[in-house]
Amino acid sequence: MKVHKIAVLAGDGIGKEVMPEGIRAVEAAAKRFNIGIEWTTFEWPSCEYYLEHGKMMPDDWKEQLNGYDALFFGAVGWPDTVPDHVSLWGSLLKFRRQFDQYINLRPVRLLPGVPCPLANKKPGDIDMYIVRENTEGEYSSVGGRMFEGTDREFVLQEAIFTRTGVDRVLKFAFELAQKRPKKHLTSATKSNGISISMPYWDERVDAMGLNYPEIKHDKYHIDILAARFVLSPERFDVVVASNLFGDILSDLGPACAGTIGIAPSANLNPERRFPSLFEPVHGSAPDIYGQNIANPIAMIWCGAMMLDFLGYTEAHDAMVSAVERCLVDGPRTPDMGGTASTTEVGMAIAAII
Ligand code: NAD
Ligand code: IPM
Ligand code: MN
């Protein structure tokens, strides 16, 4: 049996609470489907590590993590002690860029049993994948602050759209749309206001679309796209977006589908030159940390995506159905109107698996 080496990076806050449930569920699936997994736990990256060492991770983090088959990541950030841009640029954003995880794949589904905040929506009405560009765009460290402290003080931050970067995320999204029954792709743009990068993005979408004549594709400006997520989410299938637009849509989508506590994401290096990283969409949630009430489903669903990426589709499907069953008549955490703890929900799902 091949043994997959997984690095466990729980991070901060509820990352530390949901991680054991993610592991419990993956272990249950591994047992059922005879998959070999070897877990290695890291104390970093975390804000506690930062307070002790003045950095989020040791200098040789890349060498230490590079040999793993996947990175299982909780959440990072504790803004009371470490500014968010320091903790995130010192950890997660380094992983995405240095391991060239240029796809951030975020499924959004309204699942049976989940109360939906939108009127008259039923399971099936929200069923999409957000494909978020994950290494460039608006998330750039190019720029600076000048004339500090004078009345000419200014800051400048560039957005970067490379042809390689744009084309590869579009290609992934079109290929994903090919596998979906609706064969429909929507691109998020803002070419009316952002007059250089977004017309370029649109141009590349049209060029890529020529290679996929069977895929119907359309473009919406991000403002009305956000409105349509709320008003008519059923029109979306695969939604491809730049780094920032994709970030916003991937909190909005799950909120429309009930709670961000169940939303997973896969930061993929599709060529497998580097390890891919699987993490909930949500953050460290300092407001609920320490009470054992965080919803572990996002982390568990990430575990399913991780097994899928490692080649175990059946195990993925079994984990997702276990989540679905638990949502119908199992225990629920308070974000979904229940009173169960993180551990209770995690144990229920593992038992179903
Ligand atoms: P957040 O996602 O941590 O929390 C937003 C709200 O959603 C909070 O009210 C929280 O209680 C709730 N929530 C989040 N996850 C939940 C879960 N599993 N179950 C129940 N409720 C849940 O976002 P934030 O408050 O903007 O950020 C807090 C910290 O997390 C910041 O430091 C931020 O930078 C960081 N962050 C990290 C990641 C990451 O590591 N991938 C992602 C987002 C935010
Ligand atoms: C996410 C998060 C991160 C992002 C933050 C924490 C840097 O919000 O994974 O969605 O913006 O990518
Ligand atoms: Mn986000």
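Residues numbered from 1 in each chain as written. Chains lettered and ligands numbered in written order. Predicted model: local features only at pLDDT ≥ 70, side-chain atom pairs only at ≥ 80, totals over all residues.

Colleague: Can you lay out the UniProt feature "domain: Isopropylmalate dehydrogenase-like" (unreviewed entry) in the protein for me, pointing to particular residues and giving the numbers?
Modeller: Residues annotated in UniProt with the feature "domain: Isopropylmalate dehydrogenase-like" (unreviewed entry) correspond here to residues 5-349. Across residues 5-349, helical content stands at 39% and strand content at 20%; the span's end C-alpha atoms are separated by 23 Å. (UniProt positions renumbered as here; feature names shortened; annotations may be inferred. Helix = DSSP H or I, 4+ residues; strand = E, 2+ residues; numbered from the N terminus.)

Colleague: Let's hear about the site of ligand 2: which residues, and what values?
Modeller: Around ligand 2 sit L88, L92, D247, V281 and G283, and that is every residue in its neighbourhood. A breakdown of the residues in the shell around ligand 2 according to their chemical character gives three nonpolar, one polar and one charged. (Near = placed C-beta within 6 Å. Nonpolar A, V, L, I, M, F, W, Y, C, P; charged D, E, K, R; others polar.)

Colleague: Describe in detail the site of ligand 1, supporting the description with residues and values.
Modeller: Taken together, 22 residues form the shell around ligand 1, and within it G77, G261, H282, G283 and N295 come nearest. Taken together, the residues that form the shell around ligand 1 break down as 12 nonpolar, six polar and four charged.

Colleague: Break down the sheet that holds strand β1 (residues 3-11) for me, with residues and values.
Modeller: Across the sheet, which stays open at both edges, the 10 strands sit in the order β2-β1-β3-β12-β11-β4-β5-β10-β8-β9 with mixed pairing between neighbours. Both outer strands of the open sheet, β2 (36-42) and β9 (216-221), are each paired with one neighbouring strand and no more. Averaged over all pairs of adjacent strands, the angle between their axes in this sheet comes to 20°, without regard to strand direction. Pairing between strand β4 (residues 103-109) and strand β11 (residues 264-268): three bridges, direction antiparallel. Residue N104 lies in a different strand from β11, and its bridge partner there is N267. (Pairing = 2+ DSSP bridges. Axes fitted to C-alpha atoms, helices over the stretch in contact; angles between N-to-C directions.)

Colleague: Hey, could you go over the packing of helix α8 (residues 222-231) against helix α9 (residues 243-256) for me, with residue numbers and the actual values?
Modeller: Running from amino to carboxyl end, α8 crosses α9 at an angle of 15°, the nearest separation of the two axes being 9 Å. Looking at the two axes, α8 sits roughly parallel to α9. For the crossing formed where α8 meets α9, the hand is right-handed. Within the contact between the two elements, α8 uses I222, A226, F229 and V230 and α9 uses F245, L249, L252, G253 and C256. Looking at the contact of α8 with α9 residue by residue, the classes come out as eight nonpolar, one polar and no charged. (Parallel < 35°, antiparallel > 145°, perpendicular 65-115°, else oblique. Left-handed = near helix turned anticlockwise from the far one by under 90°. Contact = placed C-beta atoms within 7 Å.)

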